[in-house]
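Report on the structure
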Amino acid sequence: METLFWACLLGGAMFAIVTVLFGDLVSQALDGMLDFLSVKGGWMFRPMVIVSGITAFGGAGLLLLRYTPLGNILAALLAILSSVAVAFAVFVLYVRPMENSENSVAFSIRDLSGKIGEVTVSIPPRGYGEVLVKAGAGNTNQIAASFDGEFIENGARVVVVEVRDDTLYVSKLPETALEENHLKSKGEIE
């Protein structure tokens, strides 16, 4: 039984070292052949969770055999319980938070309606310019036309009225709206 515990402990430790040091290199060398290991299922089917459970099984089993008067079967049962607890803890404390922390700069141009932006290339009354709009986790430059058919100078603050044919139709924000928006952000008016 001690050999099984040692094999689990050393196998899991070696897997962790190889994954940390050479994970990207191995993945590129095998050209995605191991992508099937990235199973999106229950918490217990994630490779990191499985390997951490196997490693914990080996370590707990060795400790229980060496430092307690328990027999092989009872030590193995307690090692299994501790491995499930460690695997669950790895999922709850590491895997799930990392999945939820992913940021994306992806956006749909349709989501830009109602957003405020700044003109970076002047917009003529009957032509196109460019605006900078905050979208998702970043900013995006988009082709823009004047919704009202008037000239909008570089640096002017605008609001996206509609999106049509991959073009933002914008209107210049009046100065009073800008001041009111600034005061609201400072909490001076409601």
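See the structure above.
Residues numbered from 1 in each chain as written. Predicted model: local features only at pLDDT ≥ 70, side-chain atom pairs only at ≥ 80, totals over all residues. Heavy atoms only, no water.

**Points about the sheet that holds strand β1 (residues 116-121)**
Defined as follows: Between any two strands, at least two bridges found by DSSP are needed for them to pair. Put simply, DSSP marks the helices as runs of H or I at least four residues long and the strands as runs of E at least two long, and each gets a number from the N terminus on. Lines are fitted to the C-alpha atoms to define the axes, a helix being fitted only along its stretch in contact, and any angle between axes, read from their N-to-C directions, falls within 0 to 180 degrees.
The strand order β1-β2-β3-β5-β4 describes a closed barrel built from 5 strands, whose pairing is mixed. Adjacent strand axes in the sheet meet at a mean angle of 55 degrees when their direction is disregarded. Sheet topology note: the strand β4 (residues 157-164)/strand β5 (residues 167-172) ladder contains 6 bridges and is antiparallel. Along β5, the bridge assignment pairs glutamate 162 with tyrosine 169.

**A few points about a nonpolar patch on the surface**
Stated precisely, the cut-off is as follows: The patches reported here contain residues having more than 30% relative accessible area and no salt bridge. Joining distances are 9 Å for like charges and 5 Å for nonpolar side chains (Val, Leu, Ile, Met, Phe, Trp, Tyr). Here the open area of atoms and residues is found with the Shrake-Rupley method and a 1.4 Å probe, where only the protein chains shown may cover a residue. Any Lys or Arg side-chain nitrogen located within 4 Å of an Asp or Glu carboxyl oxygen qualifies as a salt bridge.
Taken together, the side chains of Ile17, Val18, Val20, Leu21, Phe22, Leu25, Val26 and Leu30 define a hydrophobic patch exposed on the protein surface, amounting to about 740 Å² of accessible area. Tracing the backbone shows leucine 21 in helix α1 (residues 2-29).

**A word on unusual backbone geometry**
Unlike most non-glycine residues, aspartate 165 shows phi in positive territory, near 55 degrees. Checked against the element boundaries, aspartate 165 lands in the loop between β4 and β5. Here the phi dihedral of aspartate 166 falls at roughly 60 degrees; this positive angle occurs in a residue that is not glycine. The residue aspartate 166 is located in the loop between β4 and β5 in this model.

**A short note on the packing of aromatic side chains**
Rules: Any pair of Phe, Tyr and Trp rings, taking the six-membered ring for Trp, is counted once the centres come within 6.5 Å. Such a pair is stacked with planes under 30 degrees apart, edge-to-face with planes over 60 apart, and tilted for the rest. Burial classes follow relative accessibility: with a 1.4 Å probe on protein chains only, a residue under 20% of its type's maximum area counts as buried, one over 50% as exposed, and anything between as partly exposed. Both a distance and an angle decide whether a charge sits over a ring: NZ of Lys or CZ of Arg must be within 6 Å of the ring centre and within 35 degrees of the ring normal.
Under the definition given, this model contains 1 aromatic pair. For the ring pair phenylalanine 5 and phenylalanine 57, a centre distance of 5.1 Å and an interplane angle of 65 degrees mean the geometry is edge-to-face. Here the residue phenylalanine 5 occupies a position in helix α1, and phenylalanine 57 occupies one in helix α2 (residues 47-67), the gap between them amounting to 52 residues. The two residues phenylalanine 5 and phenylalanine 57 agree in class, both being buried. The residue whose ring lies beneath arginine 164 is tyrosine 169, and the NZ or CZ to ring-centre distance is 4.0 Å.

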